[in-house]
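Residues per chain are reported as follows:
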Amino acid sequence: MTKFIIRRLLQTIPVLIGVSILVFSLMYLIPGDPAQMIAGEAASPQTVEQIREKLGLNEPPPKQYLKYMSNIIQGDLGNSIRSGRPVADEIKARFWVTVELSFYATILAVFIGLIAGIVSAVKHYTWSDVTIMIVALFGLSMPNFWFGLMLIQWFAIGSWMPDWMPQMRASGWGDDWKQVILPVVTLGTGGAAIIARMTRASMLEVVGQDYIRTARAKGMGERVVIYRHALKNALIPVITVVGLEFGGFLGGAVLTETIFAINGMGRLTIDAIRTRDFPIVQGTVLIISFLFVFVNLLVDISYRLLNKRIDLN
Amino acid sequence: METDLLKVEDLRTSFYTDEGEVKAVDGVSFILPKGKTLGIVGESGSGKSITALSILNLLASNGKIVGGEINFKGKNLLSFSDKEMREIRGNAISMIFQEPMTSLNPVFTVGQQISESIIKHQKLSKKEANIRSIELLKLVGIPSPDKRVKQYPYELSGGMRQRVMIAIALACNPEMLIADEPTTALDVTIQAQILGLIRGLQTRFGMSVIMITHDLGVVAETCDFVAVMYAGQVVEYSDIFTLFEEPKHPYTIGLMNSLPRHDVEIEKLEPIRGNVPNPKEMPTGCRFSPRCPAATDLCRREMPELLKDDDGNDVRCWIYSEKWEGEAEVTVYGEKRIAKGHGSETILSD
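Residues numbered from 1 in each chain as written. Chains lettered and ligands numbered in written order. Predicted model: local features only at pLDDT ≥ 70, side-chain atom pairs only at ≥ 80, totals over all residues.

### Looking at the overall build of chain A
Summing up its helical and strand segments, chain A has twelve helices and zero strands in all. Listed N to C, the secondary structure of chain A is α-α-α-α-α-α-α-α-α-α-α-α in terms of helices and strands. In terms of principal-axis extent, the alpha carbons of chain A reach across some 85 × 60 × 35 Å. Long-range pairs, those at least 24 residues apart, make up 70% of the contacts in chain A with a sequence separation of at least 6. (Helix = DSSP H or I, 4+ residues; strand = E, 2+ residues; numbered from the N terminus. Contact = placed C-beta atoms within 7 Å.)

Structure representation (structure tokens):
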């Protein structure tokens, strides 16, 4: 197992290098001269040249990349153009906000998705199954920026329901738990729907397997058959979806953070794109990509723990 | 009748599909005496597996037992509640299945899967159950059982997995074992080992066995009694010697004729012409009549009853009834015989 984890860790290195090259190239893929953009339209050629020199833009790109990478390894992601503060500090301040939001959203999605999926599978073709699947279809189809706005409309500004919920998250998490609810529901609903559908499909496939009949032939009760024998097998494909969802939440929190005015990484990225603050964009994209790779690694490991058949090689 | 462990009477099991009711088992009766082995033989789709699953009520959700009685030690299992049935399954009656590769749960160790039923039915602790699991693995002939008990099914071969299935089935010393084609998916050499193992354990523990198979060779080797099934019905039930020496039903005779034998020389094997009828479109009259070489208008018009003779052997064929006029000629293994009579005896001549 340790060997497996080490091998998987080593395998992520080429992926991370590839990601960093892509992120680095962002600077060059965007039309226009980065130095000119940083300096602004009205800047004198000397100023532009100074900035170019300062950023090392006169060096050949491979050399620039190596320098960029060596800085990253030392934890230096450059400085924000707008605020002048180190990008690492800017991200640090927002990082946990997004991770926390994604984490709660994942918990919600897993909790609701699993229960709904299991109920649907166990009572398949009954009205509860049909109802759950229709609701799941809605959950899946609603764009979350719209759903977020609707939630605000319904629960936060008192037009339909009393204004139970705050519209936005002004203070830090934990100061007011109510602030967490609407953003988490907005972000987690789509994931819950996907997990519910996945769990249902997976459970339906598993309960038709021979080993489920064997469990019944041993005299096991329906509860043991479903929750012990079937669920553990059915969870294997679901785990992948959960991991991908969590990774998706990290990147997809952009919209939710914007709607609820949450100072997370998503909003940081959007603001940086609007103000052409390239080092910040590079930094956030890099961090989110690394997180995604890491989450996938965790998925692989949990996969291996659940499914003994996956060979180490 | 104290000696009869299991007595199935007029069992009827149907499946409800989009296209309507499918009568998979339609009036099956047989007796399994204590300590004996009953073979249930038939082609694919004859209802033999459904009969077995009906005994333990392990049918798929669209299947339902619609009639008959399954008397186990004098009690009708069909009157049992779900909870009472769970006490029977894996405890008094165990079952092993055709597909050892998929019948074990891939995410639990061999030990966990054997222990599970011991813990449930015999109320042993986890530790005691594990010790018992190792004993059982040893009993079914698995080498280094203390190592195997911690392994997962994917680490075992098909033959080994079937041995594990047998160990699970034997875990609570069942009075009756249902083996649903236990050797069909295995290599011939392994087949013989598994059959030998089941037979050995049967004599050792005095179990009764229902051996479901399509292989008359397996029947000849292991069974004391045989029920031949065709299209959801028992067409012949008799002791093993009578069945092989004097098969009565034209279907049984057809099966015999399509089987190579080392003690009889024959130029070529006779297959049974035609196919098993679709259960949704059963022929009227005798279900074998479209394929039967001896069929008459009577056969095509009316379904024969199961006729019993004095030795307890049954046959579902008009030839042996009083309604049959004249003589019927059958060929058993290249040897022509005249079959005629009703109930108790068959007149044979050449």
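### Looking at the overall build of chain B
For chain B, the count of helices and strands is twelve helices and 14 strands. In terms of overall size, chain B behaves like a compact globule, its C-alpha atoms giving a radius of gyration of 21 Å where 350 residues would be expected to give roughly 20 Å. Projecting the C-alpha coordinates of chain B onto the three principal axes gives extents of approximately 70 × 45 × 40 Å. Per-residue burial over chain B gives 46% buried out of 350 residues. (Rg over C-alpha atoms; globule rule 2.2 N^0.38 Å. Buried ≥ 20, exposed ≤ 12 C-beta atoms within 10 Å, placed from the backbone.)

### What about the UniProt feature "transmembrane region" (unreviewed entry) in chain A?
Residue and element names in this part refer to chain A. Mapped onto this numbering, the UniProt entry gives "transmembrane region" (unreviewed entry) at residues 12–30, 101–122, 134–157, 177–196, 234–260 and 280–299. A distance of 27 Å separates the end C-alpha atoms of residues 12–30, which is 95% helix and 0% strand. Across residues 234–260, the secondary structure splits into 96% helix and 0% strand, with the terminal C-alpha atoms separated by 36 Å. (UniProt positions renumbered as here; feature names shortened; annotations may be inferred.)

### Describing the environment of A:Gly113
Residue and element names in this part refer to chain A. Among the structural elements, Gly113 can be located in helix H5 (residues 87–122). Counting along the chain gives 112 residues from Gly113 to Met1, while the straight-line C-alpha distance between them is 30 Å. Those residues in contact with Gly113, other than ones at most four positions away along the chain, are Gly191, Ala192, Ile195, Ala196 and Thr199.

### Focus on the packing of H5(A) against helix H8 (residues 178–207) of chain A
All names here are of chain A. Close contact between H5 and H8 brings their axes to 5 Å; oriented N to C, the two are set at 35°. Between H5 and H8 lies a crossing of right-handed hand. Within the contact of H5 with H8, the residues separate by chemical class into 22 nonpolar, seven polar and one charged. (Axes fitted to C-alpha atoms, helices over the stretch in contact; angles between N-to-C directions. Left-handed = near helix turned anticlockwise from the far one by under 90°. Nonpolar A, V, L, I, M, F, W, Y, C, P; charged D, E, K, R; others polar.)

### Brief notes about the domain arrangement of chain A
Residue and element names in this part refer to chain A. On domain assignment, one finds that chain A holds domain 1 (2–73) and domain 2 (95–306). Here the C-alpha centre of domain 2 lies 33 Å away from the C-alpha centre of domain 1. Of the residues lining the interface, 13 residues belong to domain 1; the matching set on domain 2 comes to 13 residues. Secondary structure elements with two or more residues in the side of domain 1 that touches domain 2: helix H1 (2–29) and helix H2 (34–39). (Domains from an automatic or database assignment.)

### Thoughts on the sheet that holds strand E5 (residues 75–76) of chain B
Residue and element names in this part refer to chain B. Taken in spatial order, the four strands line up as E2-E1-E4-E5 in an open sheet, and their pairing is antiparallel. Edge positions in the open sheet fall to strand E2 (20–33) and E5, since each of these has one partner strand only. Bridging between strand E1 (residues 4–17) and E2 involves eleven bridges; their strand directions are antiparallel. In the sheet register, Tyr16 faces E2, and the bridge partner there is Glu21. Packed onto the sheet, helix H1 (residues 48–55) meets E1, E2 and strand E4 (63–72) and runs at close to 70° relative to E2. (Pairing = 2+ DSSP bridges.)

### Some remarks on the sheet that holds strand E12 (residues 314–315) of chain B
Sheets are built from strands paired through backbone hydrogen bonds, the pairs being either parallel or antiparallel. Residues and elements named next belong to chain B. Strands sit in the order E6-E7-E8-E3-E9-E10-E12-E11 across an open sheet of eight strands; the sheet is mixed. Of all the strands in the sheet, just strand E6 (93–96) and strand E11 (307–308) have a single pairing partner and so form its edges. The strands touched by helix H7 (residues 158–170) are E6 and strand E7 (176–180); relative to E6, the strand with the most contacts, the crossing angle is about 170°.

### Digging into the packing of helix H7 (residues 144–156) of chain A against helix H10 (residues 222–259) of chain A
All names here are of chain A. At their nearest, the axes of H7 and H10 sit 9 Å apart, and the two run at 25° to each other. With respect to their mutual orientation, H7 and H10 come out roughly parallel. You can see that H7 and H10 cross each other, and the crossing is right-handed. Where H7 approaches H10, its residues Asn144, Phe145, Gly148 and Leu149 are matched on the opposing element by Leu255, Thr256 and Ile259. For the contact of H7 with H10, the residue count by class is four nonpolar, three polar and no charged. (Parallel < 35°, antiparallel > 145°, perpendicular 65-115°, else oblique.)

### As for the interface of chain A and chain B
Each partner contributes residues to the interface: chain A has 19 residues there, and chain B has 23 residues. Tallied by class, residues from the side of chain A that touches chain B come to five nonpolar, seven polar and seven charged.

### As for unusual backbone geometry
For A:Tyr125, which is not glycine, the phi torsion reads 70° and is therefore positive. The phi dihedral of B:Ser144 is positive, around 35°, even though this residue is not glycine. Of note, B:Ser144 is situated in the loop between helix H5 (126–139) and helix H6 (145–148).

### Quick look at the UniProt feature "domain: ABC transporter" (unreviewed entry) in chain B
In this numbering, the UniProt entry assigns the feature "domain: ABC transporter" (unreviewed entry) to residues 6–256 of chain B. Taken end to end, residues 6–256 of chain B has its terminal C-alpha atoms 27 Å apart, with 40% of it in helix and 28% in strand.

### Quick word on the confidence of the model for chain B
Within chain B, residue pLDDT values average 87, and 93% of them lie at 70 or more. For this predicted complex, the interface confidence score (ipTM) comes to 0.85, while the overall pTM stands at 0.80. (pLDDT = per-residue confidence, 0-100.)

### Points about the pairing of E4(B)
Residues and elements named next belong to chain B. Sheet topology note: the E1/E4 ladder contains eight bridges and is antiparallel. Counterpart to Leu6 in the pairing with E4 is Phe72. Hairpin connection of E4 to E5: two residues between the antiparallel strands, including Lys73 at a positive phi of 50°.

### Side note on the nonpolar core
For soluble globular proteins, the rule of thumb is that nonpolar side chains tend to be buried together. Ranked by internal contacts, the top residues of the largest apolar core, which has 93 residues, are B:Phe30, B:Ala167, B:Ile178, B:Ala179, B:Ile210, B:Ala227 and B:Val228. Considering every element that reaches this core, the biggest residue donor is H7(B), with eight residues. Apart from residues no more than four positions distant in its own chain, B:Ala167 is found in contact with B:Ile114, B:Leu136, B:Leu137, B:Leu139 and B:Val140. Among the nonpolar cores identified, the runner-up in size contains 62 residues, and A:Ile112, A:Ile194, A:Val254 and A:Phe260 belong to it. (Core = buried A, V, L, I, M, F, W, Y, C linked by C-beta atoms within 7 Å.)

### Here's the deal with the environment of A:Val180
Within the secondary structure, A:Val180 is located in helix H8. As for A:Val180 and A:Tyr104, which are separated by 76 residues in sequence, their C-alpha atoms are 8.7 Å apart.

### Side note on H7(B)
Residue and element names in this part refer to chain B. The first and last C-alpha atoms of H7 sit 18 Å apart over 13 residues, in line with the 18 Å expected at 1.5 Å per residue. Within H7, twelve of the 13 residues are buried, which leaves it mostly tucked inside the rest of the structure. Those residues of H7 that fall on the buried side of the exposure criterion are Gly159, Met160, Arg161, Gln162, Arg163, Val164, Met165, Ile166, Ala167, Ile168, Ala169 and Leu170. On the buried face of H7, the contacting elements are E6, helix H3 (100–103), helix H4 (110–122), H5, E7 and helix H8 (188–205). (Expected span 1.5 Å × (residues − 1).)

### A look at the environment of A:Ile134
Mapped onto the secondary structure, A:Ile134 falls in helix H6 (residues 127–141). C-alpha separation for the pair A:Ile134 and A:Ala193, spaced 59 residues apart in sequence, amounts to 9.8 Å.

### Structural notes on the pairing of E6(B)
Residues and elements named next belong to chain B. Residues Ile93 and Met95 of E6 are buried on one face, and the alternating residues Ser94 and Ile96, pointing to the opposite face, are buried as well. Bridging between E6 and E7 involves four bridges; their strand directions are parallel. For Ile96, the partnering residue across the bridge sits in E7 and is Ala179.

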